[in-house]
Protein chains: 2
Amino acid sequence: MKKIINKSSEVVDDMLEGFSFVHQDLIEKLEGFRVLVSKKNKNQVSLVSGGGSGHEPAHAGFVGEGMLSAAVCGEVFTSPTPDQILEAIKASDNGQGVLLIVKNYTGDVMNFDMAKELAEMEDIKVETVLVDDDIAVEDSTYTAGKRGVAGTVLVHKILGAYARQGKTLEELKELGDALVKRIKTIGVALTAATVPEVGKPGFELKADELEYGVGIHGEPGYLREPLKSSKDIAKELVEKLARSFNFKDDSQYGILVNGLGSTPLMEQYIFFNDVKKEMDTLNVQIEYAKVGNYMTSLDMLGVSLTIIEFDEDSEVSALKEKVDTPGWE
Amino acid sequence: MKKIINKSSEVVDDMLEGFSFVHQDLIEKLEGFRVLVSKKNKNQVSLVSGGGSGHEPAHAGFVGEGMLSAAVCGEVFTSPTPDQILEAIKASDNGQGVLLIVKNYTGDVMNFDMAKELAEMEDIKVETVLVDDDIAVEDSTYTAGKRGVAGTVLVHKILGAYARQGKTLEELKELGDALVKRIKTIGVALTAATVPEVGKPGFELKADELEYGVGIHGEPGYLREPLKSSKDIAKELVEKLARSFNFKDDSQYGILVNGLGSTPLMEQYIFFNDVKKEMDTLNVQIEYAKVGNYMTSLDMLGVSLTIIEFDEDSEVSALKEKVDTPGWE
């Protein structure tokens, strides 16, 4: 295992110590907790997200003005515990309530739910938006239903803009539930991620193989094939998404190409370019496009493709709006 | 070779086609050229940079408000030709002159110089700031003198802020020449990069080896050793930089930890944390810190560490100022 780390068991704490120094103008780490709270985002509903670590910049990198009020960081690929989530809720609530944005994994759902109940006992209003954008497979290693993956970042961004505008907790919950239904993602892996404490890749792919539909923790996908060109990969993923979306001529769409950790930006733009060409042949209007590492899987080589169908123009503006966070340019 | 590409010979054009679609609000690609020009940055001195491709987000990702006016993209790890550079100069000049920010490689220096001469024949005022921040070795595979690496990005950012404030070409040239002397970088590689047209890594490191001082094109470093902890790597690089800087108690410093392409952000923050601790033991004041992929080497696994000694507070503000570019949050 080639990694720039110290003790495998301390990667999250070491990372958070570095992160909170670098971003001290914007973000405060709660003493004794793996919770990062925005120093801004006051006088608005608080958005809290989080999950296992290893997906950086998600989720801590999206804390800041215009996105999340707080993030909770679990161990690598492991849900944070309810007490940690509760602290994030309490520290970020401005009296206007807290919206939890949770990726659909059994552990996360359970722990965020428990934290919600505990917060409600302290008279904090809490709602949850569950993200399950990965259409690769139904049910998976850590999930009942579909997994939550890179599309979650678009939820952070759009609801973050709406929260800054002053929408209420009830409005954000309703908008979020509707939004999630229009966001779909599918990934492809060329290599697996290596969890530091495990020390070897989570699965094995041959030198000339790729796997479609792999999850961000290395959960199995739906098809293993010989290595393809970017164009062929784009064709496969767009077709799969097209079957699920049923693209409409009068709708507008957005694309997120997300690097899974060790994929050079050059390849991500090349892949985007091929996705765009596929979308053009289907006559799909692209109103928004974003390329980069947003929801990674440690050192996995690969990309995910997220498509969002916009319901209103305000969603496009919400995505384009400038924010002040460590991880979203 | 596992890469998400189509033809090896077309990676730069495919990337630029994708890039210019994604960033069309901000950046225009000149028809027939590998030149990207900011749609903003008017009424100011134009900053132009560039070099071989494969270092993304450098240099195209730094085109935009508050940084570069234009970037010229060569083939992978290959200098752009003078005619391409000339187009970038002509397209971005607002009548106030053009400052070229050039990394010190023989090919780049020669081609940017030639473009400067051609532009001057068309009555455009041009000055050059040469960046040679890599202290690992004197002279190298493609260089006489020291190489230009990640520190270049800090030059883009600081001079970009100054240019936006309205400084003249002569002022920028003088400030830039002084600035470059106070920026020093050193890198470490755990794996080599694979150039698409070559198809195999540029050099071989064993499974348990790293190499200190490797260049961003895989140029040889100064020491090959068994794999170390992040803490030990930080100690080695900080000590090497300390010998070159002679840190002063009353000076302020900034740190850039730069991922070389396939290094997870988690590891970059862990490494930063260890660098910070080393600097603390030396009583060095850190006024600015930045972590992420800025000057990469395709899929190289590793990091570089850049330290800047600030001369005035305005340099810290210039680094912190918000910009609108694809690659700098």
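Just so it is clear, the model here is predicted, and its values are computed rather than measured.

**With respect to the overall build of chain A**
1) Next: When helices and strands are tallied, chain A shows eight helices and twelve strands.
2) Next: Its C-alpha radius of gyration of 19 Å places chain A within 12% of the 20 Å reference for a compact globule of 329 residues.
3) Next: Its C-alpha atoms put chain A at 55 × 50 × 35 Å along the principal axes.
4) Next: The 329 residues of chain A split such that 64% are buried.
5) Next: Within chain A, contacts between residues at least 6 apart in sequence are counted, and of these 74% link residues at least 24 apart.
6) Next: Of the roughly 11,400 Å² of accessible surface on chain A, 47% is carried by carbon and sulfur atoms.
7) Next: For chain A, the distance from the average site of its 35 positive side-chain charges to the average site of its 55 negative ones is 3 Å.

**Re the pairing of strand 6 (residues 126-131) of chain B**
Residues and elements named next belong to chain B.
1) Next: As defined by bridge partners, strand 5 (residues 98-103) adjoins strand 6 across six bridges and the pair is classed as parallel. Pairing of Leu 100 across the sheet is with Thr 128, part of strand 6.
2) Next: In the classification by handedness, the crossover that spans strand 5, the intervening helix 3 (residues 106-121) and the parallel strand 6 is right-handed.

**Let's talk about the sheet that holds strand 2 (residues 35-38) of chain B**
All names here are of chain B.
1) Next: One open sheet holds the six strands; their spatial order is 1-2-4-3-5-6, and the pairing between them is mixed. The sheet is open, and its two borders are formed by strand 1 (27-29) and strand 6, each paired with just one other strand. Strand after strand, the sheet turns through a mean of 20 degrees between neighbouring axes, direction not considered.

**Some points on the side chain of His 59 of chain A**
1) Next: Counting through the fold element by element, His 59 of chain A comes out in the loop between strand 3 (46-53) and strand 4 (70-76).
2) Next: Contacts of His 59 of chain A, omitting those with residues within four sequence positions, involve Ser 49, Gly 50, Gly 51, Gly 52, Leu 68, Ala 71, Lys 103, His 156 and Met 295 of chain A.

**Re the domain arrangement of chain A**
All names here are of chain A.
1) Next: Taken domain by domain, chain A comprises domain 1 (11-131) and domain 2 (183-317).
2) Next: Using only C-alpha atoms to locate each centre, domain 1 and domain 2 end up separated by 26 Å.
3) Next: Listed per partner, the contact involves twelve residues of domain 1 and twelve residues of domain 2.
4) Next: A buried area of about 1,000 Å², summed over both sides, lies between domain 1 and domain 2, and 70% of it is on carbon and sulfur atoms.

**Details of empty space enclosed by the protein**
1) Next: Per the stated rule, a full pass over the model turns up five cavities of 30 Å³ or more.
2) Next: Each pocket or cavity is described by its volume, and for the largest cavity that value is around 110 Å³.
3) Next: What lines the largest cavity is a set of 16 residues, and nearest its centre among them are Met 15, Glu 56, Ala 58, His 59 and Ala 60 of chain A.
4) Next: Put simply, the parts of the chain that give the lining of the largest cavity at least two residues each are helix 1 (11-22), strand 3 and strand 4 of chain A together with helix 7 (265-281) of chain B.

Cut-off values and rules
Residues numbered from 1 in each chain as written. Chains lettered and ligands numbered in written order. Predicted model: local features only at pLDDT ≥ 70, side-chain atom pairs only at ≥ 80, totals over all residues. Heavy atoms only, no water. Helix = DSSP H or I, 4+ residues; strand = E, 2+ residues; numbered from the N terminus. Rg over C-alpha atoms; globule rule 2.2 N^0.38 Å. Buried < 20%, exposed > 50% of the residue type's maximum accessible area, 1.4 Å probe, protein only. Contact = heavy atoms within 4.5 Å. Areas by Shrake-Rupley, 256 points an atom, 1.4 Å probe, with all protein chains shown as cover. Lys, Arg positive; Asp, Glu negative; His and termini not counted. Charge placed at Lys NZ, Arg CZ, Asp CG, Glu CD. Pairing = 2+ DSSP bridges. Right-handed = clockwise from strand over helix to strand, strands pointing away. Axes fitted to C-alpha atoms, helices over the stretch in contact; angles between N-to-C directions. Domains from an automatic or database assignment. Buried area = accessible area lost by both parts, 1.4 Å probe. 1 Å grid on protein atoms, 1.4 Å probe; cavity = no way out; pocket = protein on both sides within 12 Å on 5 of 7 lines; lining within 4 Å. Points joined across faces, edges and corners; volume = space filled by probe spheres on them.

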